[in-house]
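The primary structure of each chain is shown beneath.
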Amino acid sequence: MSLKRCMNTSKSETVKEHPLKPSRRSMPCLTQSQTHPQSLSKHSSFLQPNRVQPQLQPQPLSAGSSATAVDVVSERAKVMETLENNLLKLSNTEYGDPFLDVGKDKETYTHDSEHGNYDARTDQSLLIQNKLTRQKTEPRTKSSLKSDSMASSGLFFKDGKKRIDYILVYKKSSPQVEKRSTFEKNLRAEGLMLEREPAVTNSDIMFIKIHCPWETLCKYAERMNIRMPFRKKCYYTDWRSKTMGSLQRNIRELKSWLPRNPMKLDKEALPDLEETDCYTAPFSRARIHHFTINNKDSFFSNSTRSRIVHHVLQRTKYEDGKSKMGINRLLNNGTYEAAFPPHEGSHKSRHPIKTHGAQNHRHLLYERWARWGMWYKYQPLDLIRRYFGEKIGLYFAWLGWYTGMLIPAALVGLFVFLYGLFTMDSSQVSKEICEANETIMCPMCERNCTLQKLNESCIYAKVTHLFDNGGTVFFAIFMAIWATVFLEFWKRRRAVLTYDWDLIDWEDEEEELRPQFEAKYSQVERVNPITGKPEPFQPFPDKLSRLMVSVSGIFFMISLVLTAVFAVVVYRLVAMEQFASFKWYFIKKYWQFATSGTGVCINFMIIMSLNVVYEKVAYLLTDLEHPRTESEWENSFALKMFLFQFVNLNSSIFYIAFFLGRFAGRPGKYNKLFNRWRLEECHPSGCLIDLCLQMGVIMVLKQMWNNFMELGYPLLQNWWSRRKMKRRGQSVENKISLPQWEKDWNLQPMNLHGLMDEYLEMVLQFGFTTIFVAAFPLAPLLALLNNIIEIRLDAYKFVTQWRRPMPARATDIGIWYGILEGIGVLAVITNAFVIAITSDYIPRFVYAYKYGPCTDQGYRQEKCLKGYVNSSLSVFDLSELGMGYSGYCRYRDYRAPPWSSTPYEFTLQFWHVLAARLAFIIVFEHLVFGIKSFIAYLIPDIPKDLCDRMRREKYLVQEMMYEAELEHLQRERKKNGKQYHHEWP
C-alpha cells in the first residue's frame, strides 16, 4: 500500500466524522474521514447519471454536488426473482437479439439475419427488466425524452443510466457470425451488459456498447489487484517538517510576494487536480467496508472501468479450444473491425471554459494541454494519466522531462556558438586564411578544377570557427555529463511518479501467448513456472536457429545501408567534376558547397525511402523469431527498428566525420575509385563544415517530415473520412448529429505498435543531440524547439485525432532506457574521435605548444597560433602534374617539400599530431567515463525522503488495517448486542 493522490476526492468536500476510540495499538495521527466525489472543475463536472434527479440533460455540475449511487446488480436480482416464469415468453417472441434493450419503441433495431444465432436467455435479466419497464411506461414523457437525449450523447445506454465502458464494431456482412455470437454470449455470462446500435452513416456497420455493472467491476477489480482509495487517511508530517516548519513558512511567505510562475497551471483552471492524500489497497469485496465508496458510479474511474472490460475481453472464449479466446484474435480474423473505449464527449464547447467550466475530461485536456496557446505551460500529468492511463502518462512525463533537461544543454550550446561568432573575426586562423592572397592551392579535382587562392576560402574558415573553437571540448564534456545526469534524474523522477500514481507494488500481469506462437508450437508443451499450467514451448535449437536467421537479416540490411552510402559517395565524386565546370558562375565558384548540399538531399531521400523497407523487414524478421508474448514481440521489433534507422541516419555522418579526405592521397599520387574517380578530400578549412551541413539538413528535414506524418497525415485522413461520411449522410439526413461512439469510429486508431514510433523518434533525436554534438553545438537548441512543438502535436493528436487508446499501466519506459544508456556511452567515444580527428583542435594545440612562437611558454593568447596555417600546408611541385602548370601549390597535410631529401614523406609534426590525437582520445574517454560513473554513483535512483515516506507508510498501513478490523468487529458486536472491549478479542 502506498500514499497517493486520490483521483475522486477533494479537500473542500471532506466530511468530518468522530475519530476512533483509542486502542492498545492506536496510531498517533490516524483519523477517519469520508470524501465526496470531486467535480471536474469549479463550475462543472463530467456527467454523472442520477436516478433521483429528474433532469437528465448533460449540464455542468457544481463543485459540491454528488450523484446518488445506483446499484444495477441488485435491481437485476430483484427482477429475476419476480419474473423468472416469464423468461420463455420473452425470449421466444420478438426478443431474438439479446443485445437490444428491446420494447415497443420505434428505436428498437434487430438484424433479422442473426435472429437464430443468439440465445436470448443468456441475458435474461436485461431483457426482463427492459420489457417490464417499457410495458409499465405510459406514452413518452418529458423525462423519457431527456433520457433519450442523454443516450444520444453517446456516453450511456438508451436508458440514460448505464455508462458505456467499451465499444465493439463489426460489419453485418462479416461471415464470422457464429464466433461473434458465442463470444458475446460468454461476455454476458461474465457479467457484462451489451446493447447493439446501428451506424447512422453506414448501414453495414454495427456498434456494440458494453457496460460493466458494479458487481462485475468489484469481482474483476479484486482479481486484477486494482488499488483503490482506502477509507482512512492519515495527515502525516515527519520530523523534518516539524523542525523546518518555521523556515518553510517564511519561504512560503516570501514566495507569495514574488511574481507567479507563468509556466504553472492555474489551480482554478484545474480544480480536479486539487487532491487529498489517502492510502490505497488492493480492492477486496470481503473488506469493501474499508474503502471510500460514496458513489458506486464514480468509485471506479472511466479508465479503470475500460481496463477491466478490456481484461474481460482478452480472456473470453469465442470457440471451444485452449487458445480460442481474446478480442485480439477476433480483430485479426475479421470478426470485429475495431474495439476501443469511447472518448468522454467532445473536445470543444460552445461556451468558454473560464466562465462555464469544462464539459468533460477530454475538453479539459484540450483546453489546458493540447492547445497551441499552452505551449509554455507544464503538462497536467495527473489528468493525462487519469484519461489515457499510466503508460501514456509516463511517455509524456519522459518527453516533458527530456525537453526540460534540453534547456541547459541548448543554452550552453548557444553560448559556444555565440562565442565562435564573436571571436570569428579575431581568430588567428581565420585571419591568416583571409589574408593569404599569394598562397596558391592545388587543384581539388582532376579535369575541370582550376588553381585557386587560399583567401577564397575565407567564408568557409569563418563558418568553421563557429563550430570549431575553444569551447568545443568543454561542450563535448558537458554533453556527456548531461546525458548521465538526464538519465539518473529521470530514474528519480520515475520513482516519484510511480509512487504518486500508486505503481510501486504493481506487477505486470502474466501475459497471454501470441496466437502465432501457440499455432506454431501447439504440439510441444511445458509447464509454466508462474501459472503452473501446461503451455506451448519453443525448443532451444529452434529458437537459436531462428535468432541466427534474424541476425543475418539485420546484417544484410545494414550492408544495404552501407551500399546506399557508397552510392552517395560515388555521386559526390561524379558531381564534383560536373559542378566545377558548371555554366553558372555561382555554382562553379561554390562547387564544393553545391556537391555537399545536393548529396545531403539525395541522402535524405534515400534514408526516408529505406525506412519504409526497414519497417517491413523488421516485421518479417520479428515474426520469424516467433516471440512468446506481445511484450517480447514489441521489444524485439523496437530494437530492430532502432538499429535499422540509427545506422540509416548516421552512416553518412560517420563517413564524413571519420573517412572523408582521410584516404585521398596527395597531389601527383591521388587514390582513385575504380581507377576512374579521384577520392574526395576536405576543404582547405577542414571537413567539419561538411559534417555540420550534413547534420543540420538531416535533422531539420527529418523533424519536419515527422511532424507532418504525425499531425498532417491524420488530419488529411480524418478530413477524407468526414467528407465521405457527409456524402453518405446527405442521402439519408442532412446535418445529422452523430453519437460519440460513431464519432470515435471515424477517428484514426492508434498506431499498431503503440508508443514505439513516438519513442523511436525521440531516441533517434537524442542520438543526434549527443553523438556528434561536438561538431554541431546547435543540435540541443534545434531539439528543444522541435520538442516544444512535439509535445503539443502529440497532445493534439491523442485528444482530437485518435481514438481513445486502452488505458494501460506501466512502471517505466521499457527497453528504451537501455538504448538511451547505450547512446550515452557511444556519444563519449564519437565526440572524442570528432574532436581528435575531424576538428583542428589537436593540430592547433600541438602547434601552439611545440612549433609556434609561444613554444615552452604555455598557450596564452591567439598570437601563439601565428603561422599555424602555413605550418599545416605542405608544398607540391605543379610541374609534376603534367597539366602545363609551373611553380608550387599548397595542400593540407604534413609532408616534406619536393626539394627535401625525402620528398612527400610524412614529417615529424605529423607523428606528433597523431600521437596527440590518440592520447587525447584515451584521456578524454577515461576522464568522461569516470565522471559519468561518479555522478551515477552519487545520485540515488530513489530520493531519500521518498524512501522514508514509503517505509513510514508501510508501518502506518499495518496499524491502519488493525484499527479498521477492530472497528468493524466492534460494530458487528454492537449490532448483535454482545459486549465488546477496546482490546483485541
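Everything numeric here is computed off the predicted structure, so don't read it as measured data.

## Some words on the state of the cysteines
Taken as a whole, this structure holds 3 disulfides when the rule is applied. In this model, Cys442 is linked to Cys889 through a disulfide, with the two sulfur atoms separated by 1.9 Å. Torsion about the S-S bond of the Cys442 and Cys889 cystine: about 85°, corresponding to right-handed handedness. In this pair, Cys442 sits in the loop between strand 11 (440–441) and strand 12 (452–453) while Cys889 sits in strand 20 (residues 888–892), placing the two residues 447 residues apart along the sequence. Cys889 shares its class with Cys442; the two are buried. Paired through a disulfide, Cys854 and Cys864 show a sulfur-sulfur distance of 2.2 Å. Taking the sign of the S-S torsion, about -85° here, the bridge from Cys854 to Cys864 comes out left-handed. Taken as a pair, Cys854 in the loop between helix 29 (841–851) and helix 30 (868–872) and Cys864 in the loop between helix 29 and helix 30 lie far apart in primary sequence, 10 residues in all. When its relative accessible area of 6% is taken as the criterion, Cys854 is described as buried. Take Cys864: its relative accessible area is 1%, and that puts it in the buried class.

## Side note on a nonpolar patch on the surface
Where nonpolar side chains cluster on the molecular surface, the patch consists of Phe540, Leu544, Leu547, Met548, Val551 and Phe555 and spans about 610 Å² of accessible area. Looking at the secondary structure, you find Leu544 in helix 20 (residues 540–580).

## Brief notes about the sheet that holds strand 10 (residues 338–340)
Spatial ordering of the open sheet is given by 5-6-4-10, a layout of 4 strands whose pairing is antiparallel. On the outer flanks of this sheet lie strand 5 (193–198) and strand 10, each paired with one strand and no other. Strand after strand, the sheet turns through a mean of 20° between neighbouring axes, direction not considered. Two strands pair when backbone bridges link them, and strand 5 and strand 6 (residues 205–211) are joined in this way by 6 bridges, in the antiparallel orientation. Directly across from Arg196, in strand 6, lies its bridge partner Ile208.

## Things to note about the packing of aromatic side chains
For the structure shown, the criterion picks out 51 aromatic pairs. An angle of 10° between the planes, with centres 5.6 Å apart, marks the rings of Trp482 and Phe486 as stacked. Here the residue Trp482 and the residue Phe486 both occupy positions in helix 18 (residues 472–500), the gap between them amounting to 4 residues, near one helical turn. In terms of burial, Trp482 and Phe486 fall into one category: buried. Aromatic side chains Phe910 and Trp911 sit 4.9 Å apart centroid to centroid with 80° between the ring planes, which places their arrangement in the edge-to-face category. Sitting over the face of the ring of Tyr170, Arg180 holds its NZ or CZ atom 3.8 Å from the ring centroid. The cationic tip of Arg804 hangs over the ring face of Tyr387; the distance from NZ or CZ to the ring centre is 3.9 Å.

## Concerning the environment of Ala564
Position of Ala564 among the secondary structure elements: in helix 20. A residue is classified by how much of its surface remains accessible, and Ala564, at 16% relative accessible area, is buried. Sequence separation between Ala564 and Leu610 is 46 residues; the distance between their C-alpha atoms is 9.3 Å.

## With respect to the side chain of Arg227
Among the structural elements, Arg227 can be located in strand 7 (residues 227–229). What makes Arg227 buried here is its relative accessible area of 14%. At 3.0 Å, the side chain of Arg227 and the side chain of Asp502 are in polar contact.

## Some words on the pairing of strand 6
Of all 7 residues making up strand 6, 7 are buried, and the element is well covered by its neighbours. A two-sided burial pattern is seen for strand 6, the buried positions comprising Ile205, Phe207, Lys209 and His211 on one face and Met206, Ile208 and Ile210 on the other. For strand 4 (residues 166–171) and strand 6, the ladder comprises 6 bridges, and the chain directions are antiparallel. Counted as the bridge partner of Tyr166 is Ile210 from strand 6.

## Considerations on the confidence of the model for the protein
A residue-level look at the protein finds 75% of positions with pLDDT of 70 or above and a mean pLDDT of 75. Confidence, read as mean pLDDT per element, is least for strand 3 (residues 30–35) in the protein (33) and greatest for strand 6 (93). When the criterion is pLDDT under 50, residues 233–239 qualifies, and its contacts beyond four places in sequence or with other chains add up to 17 contacts. For the stretch residues 980–985, pLDDT sits under 50, and the model shows 19 contacts to residues farther than four places along the chain or on other chains.

## Quick look at helix 29
Given 3.6 residues per helical turn, the α-helix brings residues three or four places apart onto the same face. The complete set of buried residues in helix 29 reads Ile842, Pro843, Arg844, Val846, Tyr847 and Ala848. Tucked inside the fold, the buried residues of helix 29 contact helix 16 (428–434), helix 28 (815–838), helix 30 and helix 31 (908–938).

## Quick notes on the nonpolar core
Soluble globular proteins tend to bury their nonpolar side chains together. In terms of nonpolar packing, the biggest core is built from 147 residues, with Trp398 and Trp816 touching the most fellow members. Leave out the neighbours within four places in its chain, and Trp398 touches Phe486, Trp490, Tyr759, Met762, Ile813 and Leu820.

## Considering the packing of helix 13 (residues 361–370) against helix 14 (residues 381–388)
The interhelical angle for the contact between helix 13 and helix 14, taken along N-to-C directions, is 145°, at an axis separation of 11 Å. Once helix 13 is placed against helix 14, the crossing between them reads as left-handed. Of the residues in helix 14, those touching helix 13 at His361, Arg362, Leu364, Leu365 and Trp369 are Leu383, Ile384, Arg386, Tyr387 and Phe388. Within the contact of helix 13 with helix 14, the residues separate by chemical class into 7 nonpolar, 1 polar and 2 charged.

## Description of the environment of Ile656
As for its position among the elements, Ile656 is in helix 23 (residues 630–658). We classify Ile656 as buried; its relative accessible area is 3%. Between the C-alpha atom of Ile656 and that of Leu688, which follows or precedes it by 32 residues, the distance is 8.5 Å. Sequence-distant contacts of Ile656, that is, excluding residues within four places in its chain, are made with Arg572, Cys687, Asp690, Leu691 and Gln694.

## Here's the deal with the side chain of Asn787
Residue position: Asn787 is located in helix 27 (residues 779–801). Other than its neighbours up to four places away in sequence, Asn787 contacts Leu399, Tyr402, Thr403, Leu406, Met762 and Gln765.

## Some words on helix 6 (residues 214–223)
The buried count for helix 6 comes to 7 of 10 residues, which makes it a mostly enclosed element. A positive backbone phi angle near 55° is found at Asn225, which sits one or two residues after helix 6.

Parameters and conventions
- Residues numbered from 1 in each chain as written.
- Predicted model: local features only at pLDDT ≥ 70, side-chain atom pairs only at ≥ 80, totals over all residues.
- Heavy atoms only, no water.
- Disulfide = S-S within 2.5 Å.
- Helix = DSSP H or I, 4+ residues; strand = E, 2+ residues; numbered from the N terminus.
- Buried < 20%, exposed > 50% of the residue type's maximum accessible area, 1.4 Å probe, protein only.
- Patch = residues over 30% accessible without salt bridge, like charges linked within 9 Å, V, L, I, M, F, W, Y side chains within 5 Å.
- Areas by Shrake-Rupley, 256 points an atom, 1.4 Å probe, with all protein chains shown as cover.
- Salt bridge = Lys/Arg side-chain N within 4 Å of Asp/Glu carboxyl O.
- Pairing = 2+ DSSP bridges.
- Axes fitted to C-alpha atoms, helices over the stretch in contact; angles between N-to-C directions.
- Phe/Tyr/Trp six-rings, centres within 6.5 Å; stacked < 30°, edge-to-face > 60°.
- Lys NZ or Arg CZ within 6 Å of the ring centre and 35° of its normal.
- Polar contact = N/O pair within 3.5 Å; in protein donor to acceptor, adjacent residues only side chain to side chain.
- pLDDT = per-residue confidence, 0-100.
- Contact = heavy atoms within 4.5 Å.
- Core = buried A, V, L, I, M, F, W, Y, C linked by side-chain atoms within 4.5 Å.
- Left-handed = near helix turned anticlockwise from the far one by under 90°.
- Nonpolar A, V, L, I, M, F, W, Y, C, P; charged D, E, K, R; others polar.

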